[in-house]
Amino acid sequence: MRSLSISTTVFALALTLANAHAGVLVSSTFDNGDEGWTSFSFAGVATPDFSGAFGGPGQVDFDGTSGNPAGSIESTDPDNGWQYFVAPLAFLGDQVLALGGALTFQQQRRDILPLGQAIPSALAALSDGTTLLVYANTASAPVAGAWTSYRVSLDASAAGWFIGSTGTAATPEQLQRVLGNLSQLVIAGEWFDGAVSTGQPETIALDNVILSGVDDGTPVPLPGTLALLAAPVLLRLRRGRL
Ligand SMILES: [Ca+2]
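Just so you know, these numbers come straight off a predicted model, no measurement behind them. (Residues numbered from 1 in each chain as written. Predicted model: local features only at pLDDT ≥ 70, side-chain atom pairs only at ≥ 80, totals over all residues.)

Novice: Mind showing me how you'd approach the overall build of the chain here?
Specialist: Secondary structure summary: the chain contains 3 helices and 13 strands in total. Put simply, the chain has 242 residues, and 36% of those count as buried. Put simply, of all contacts in the chain between residues at least 6 apart along the chain, 76% involve residues at least 24 apart. (Helix = DSSP H or I, 4+ residues; strand = E, 2+ residues; numbered from the N terminus. Buried ≥ 20, exposed ≤ 12 C-beta atoms within 10 Å, placed from the backbone. Contact = placed C-beta atoms within 7 Å.)

Right, dumping it as structure tokens:
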């Protein structure tokens, strides 16, 4: 009966892991590269202007040794525009299943700038090419030496979302329409207004970007966390205790 028991346990473990990933539509954990992510320098002074470019398109740097776990990308602010990370094609197109879910990610500061300065007014922005929606930022800036988790709610009520061109609250129908035909998804890539004039460019790292149709209120489901949860069961399996 032991083999049956082990099979049942393995099946249950697989089911648990599958459930932990339930709702994940697309993700970037940067295990082996930048996965097509880039950056963009938008215009704007106090707040980003997503309809205009300051420095325009830019590259990100892949870091194969740093991450949560290893593998992340980072962007060093090259100008006085507003830097945002730009999602690759895998995150675009019809993502209407994300309605009711969330966009989560983690960031870490890789510079020595003092904190508590300017905060970008938009944590993320979405567009279908016609309507640009921004998600109001109430989060604190990432810090050095630790990964800070961020969540962009995609609740069907569209709470927290505003129309970029007017600043008025987005409607549920607008959020659904934009998610159904995504042509742009950007994530804040700098938290300090200004760059080269300080002599210490701001560098922000990004990891574990997850677009999910489920917003269960738990922290970002990291691969490392899943491995940790599974470890005791696997250990017991190896020891023949199950
Ligand atoms: Ca990673």
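Picking up after the structure, the text goes on.
Novice: Sorry, what's going on with the environment of Leu132 here?
Specialist: Looking at the secondary structure, you find Leu132 in strand E9 (residues 132-136). Leu132 has contacts with Phe50, Ala125, Ser127, Gly164 and Ser165, leaving out every residue within four places of it along the chain.

Novice: So what exactly am I meant to see when it comes to the nonpolar core here?
Specialist: Side chains that are nonpolar tend, in soluble globular proteins, to be buried together. Membership of the largest hydrophobic core comes to 49 residues, with the highest contact counts inside it found for Tyr84, Ala124, Ala125, Leu133 and Val186. Looking at this core element by element, the count peaks at 6 residues for strand E13 (residues 203-212). For Tyr84, the contacting residues outside a window of four places in its chain are Ser39, Phe40, Phe42, Val186, Ile187, Ala188 and Gly189. (Core = buried A, V, L, I, M, F, W, Y, C linked by C-beta atoms within 7 Å.)

Novice: Please explain helix H2 (residues 172-179) as it appears in this structure.
Specialist: Because each turn of an α-helix spans 3.6 residues, side chains separated by three or four positions end up pointing in the same direction. Of the positions making up H2, those classed as buried are Leu175, Val178 and Leu179. Across the axial projection of H2, the buried residues extend over an arc of 100 degrees, all falling on one side. Structurally, H2 contributes buried residues whose contacts are with strand E8 (122-127), E9 and strand E11 (161-163). (Arc of directions from axis to C-beta.)

Novice: For this particular structure, what's the right way to read the sheet that holds E9?
Specialist: Either a parallel or an antiparallel arrangement is found when strands of a sheet pair, and the pairing is made through backbone hydrogen bonds. Strands sit in the order E3-E2-E6-E12-E8-E9-E11 across an open sheet of 7 strands; the sheet is antiparallel. With one partner strand each, in any of the chains shown, strand E3 (49-58) and E11 form the two edges of the open sheet. Strand-to-strand twist of the sheet, defined as the mean angle between neighbouring strand axes without regard to direction, takes the value 35 degrees. Bridging between strand E6 (residues 82-86) and strand E12 (residues 184-188) involves 3 bridges; their strand directions are antiparallel. (Pairing = 2+ DSSP bridges. Axes fitted to C-alpha atoms, helices over the stretch in contact; angles between N-to-C directions.)

Novice: What's the story with the pairing of E3 in this structure? I'm lost.
Specialist: On a regular strand, one side chain projects to one face of the sheet and the next to the other, so that they alternate. Strand direction decides the pairing type here: strand E2 (residues 38-43) and E3, joined by 5 bridges, are antiparallel. For Ser39, the partnering residue across the bridge sits in E3 and is Gly58. Counting the residues in the hairpin turn of E2 and E3 gives 5 residues, including Gly44, whose phi is positive at 115 degrees.

Novice: Got a minute to help me understand the environment of Pro48 in this structure?
Specialist: One can find Pro48 in the loop between E2 and E3. For Pro48, a count of 27 C-beta atoms within 10 Å corresponds to the buried category. Remark: the alpha-carbon pair of Pro48 and Gly81, spanning 33 residues in sequence, is separated by 8.0 Å. Residue contacts for Pro48: discarding those within four places in its chain leaves Phe42, Trp82, Pro120, Ser121 and Ala122.

Novice: I tried to follow the pairing of E13 on my own but got confused; where do I start?
Specialist: Extensive coverage of E13 is indicated by the burial of 9 of its 10 residues. Bridging between strand E1 (residues 24-28) and E13 involves 4 bridges; their strand directions are antiparallel. Bridge pairing links Ser27 to Ile210 in E13. Here strand E5 (residues 70-76) runs beside E13; their pairing, made up of 4 bridges, is antiparallel. In the sheet register, Glu74 faces E13, and the bridge partner there is Ala205. Pairing analysis gives 7 bridges linking strand E7 (residues 102-109) to E13, with the strands arranged antiparallel. Across the sheet, Arg109 pairs through a bridge with Ile204, a residue of E13.

Bear in mind that shape data such as this cannot, by itself, settle questions of function.
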